[in-house]
Amino acid sequence: PQKKTPEKPALPEKAGAAPEIAPPPVISEKPRTTVEVKPPVAEKKEDIRHEKGQFIWPVKGTVQTRFGIQPNKTYHNWIKIVCKPGAQVHAAAGGTVIFSANLKDFGETIIIRHVPDYATVYTHLNQRLVKADQNVRRGQRIGRAGEIDEAGATYIHFEIRLKGKARNPLFYLP
């Protein structure tokens, strides 16, 4: 059953008098909750490894485009190495081929996994000489360069990844 509030007795109205208006109910303010502002949690930064000589150059040539932010504000995860047409491309380190196929926008591509947490990526090849799941040795021929850029130069793109994150290959090459 609902609680009934007692009714107030009606007051007799005087002629011409304004009706009586009850004061507004008092609303008690709830205590405000305070928000504790904590300083941002510092993310653990990974150590950037500079292990010169851990990998060998995949092809003889010249670095034309470096890793990172470019003058046109784009970002490259690779270095572009200009080389002779048909130049042999070699595994930069021993490992297992985890991808060997044509990749949209990157052409003939090879990805090699290296123990413990590295991978190398070779794109814009003319020919692939290895298959997925194949073990390769450091320096083993894995393909040929042959794709030509807008300036008419033959080139490949080369990436080094550590735990899936692109790293500057120049920090690891001799």
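Summarised in this report is the structure supplied together with it.

1. Re the pattern of salt bridges
Next, step 1: Counting across every chain of the model gives 3 salt bridges.
Next, step 2: In this structure, the salt-bridge partner of Arg128 is Glu108, at a minimum N-O distance of 2.4 Å. Remark: Glu108 occurs in strand β7 (residues 107-114) and Arg128 occurs in strand β8 (residues 118-128); sequence separation between them is 20 residues.
Next, step 3: Judged by relative accessible area, Arg128 falls into the partly exposed class, the value being 31%.
Next, step 4: When its relative accessible area of 19% is taken as the criterion, Glu108 is described as buried.

2. Description of the packing of aromatic side chains
Next, step 1: Per the stated rule, a full pass over the model turns up 6 aromatic pairs.
Next, step 2: On the basis of an interplanar angle of 70° and a centroid distance of 5.5 Å, the ring pair of Phe55 and Tyr118 is categorised as edge-to-face. Of the two residues, Phe55 sits in the segment before β1 (62-65) while Tyr118 sits in strand β8, which places them 63 residues apart along the sequence. Across the pair, Tyr118 and Phe55 agree in class, each one buried.
Next, step 3: Where Tyr122 meets Phe158, the ring centres are 5.3 Å apart and the plane angle is 50°; that geometry is what we call tilted. Remark: Phe158 occurs in strand β11 (residues 154-162) and Tyr122 occurs in strand β8; sequence separation between them is 36 residues.
Next, step 4: Its relative accessible area of 0% is what places Tyr122 among the buried residues.
Next, step 5: Judged by relative accessible area, Phe158 falls into the buried class, the value being 0%.
Next, step 6: Linked through ring pairs, Phe55, Tyr118 and Tyr172 together constitute an aromatic cluster.
Next, step 7: If you follow Lys80 out to its NZ or CZ, it ends over the ring of Tyr155, 4.7 Å from the centre.

3. A word on the nonpolar core
Next, step 1: Counting 29 residues, the largest nonpolar core has Phe55, Val89, Ile110, Ile112, Tyr122, Ile142 and Phe158 as its most contacted members.
Next, step 2: At the level of secondary structure, the elements contributing two or more residues to this core comprise β4 (79-83), β7, β8, β10 (141-145) and β11.
Next, step 3: Looking at this core element by element, the count peaks at 4 residues for β11.
Next, step 4: When near neighbours in sequence (up to four residues on either side) are disregarded, Tyr122 contacts Pro58, Val89, His90, Ala91, Ala92, Glu108, Thr109, Ile110, Ile112, Ile142, His157 and Phe158.

4. Focus: the side chain of Asp149
Next, step 1: Topologically, Asp149 is positioned in the loop between β10 and β11.
Next, step 2: Side-chain polar atoms of Asp149 contact the side chain of Lys80, separated by 2.9 Å.
Next, step 3: Among the polar contacts made by the side chain of Asp149, one reaches the main-chain amide nitrogen of Ala153 at a distance of 2.8 Å.
Next, step 4: Ignoring anything within four residues of it in the chain, the contact list for Asp149 reads Gln64, Lys80 and Tyr155.

What counts as what
- Residues numbered from 1 in each chain as written.
- Predicted model: local features only at pLDDT ≥ 70, side-chain atom pairs only at ≥ 80, totals over all residues.
- Heavy atoms only, no water.
- Salt bridge = Lys/Arg side-chain N within 4 Å of Asp/Glu carboxyl O.
- Helix = DSSP H or I, 4+ residues; strand = E, 2+ residues; numbered from the N terminus.
- Buried < 20%, exposed > 50% of the residue type's maximum accessible area, 1.4 Å probe, protein only.
- Phe/Tyr/Trp six-rings, centres within 6.5 Å; stacked < 30°, edge-to-face > 60°.
- Lys NZ or Arg CZ within 6 Å of the ring centre and 35° of its normal.
- Core = buried A, V, L, I, M, F, W, Y, C linked by side-chain atoms within 4.5 Å.
- Contact = heavy atoms within 4.5 Å.
- Polar contact = N/O pair within 3.5 Å; in protein donor to acceptor, adjacent residues only side chain to side chain.

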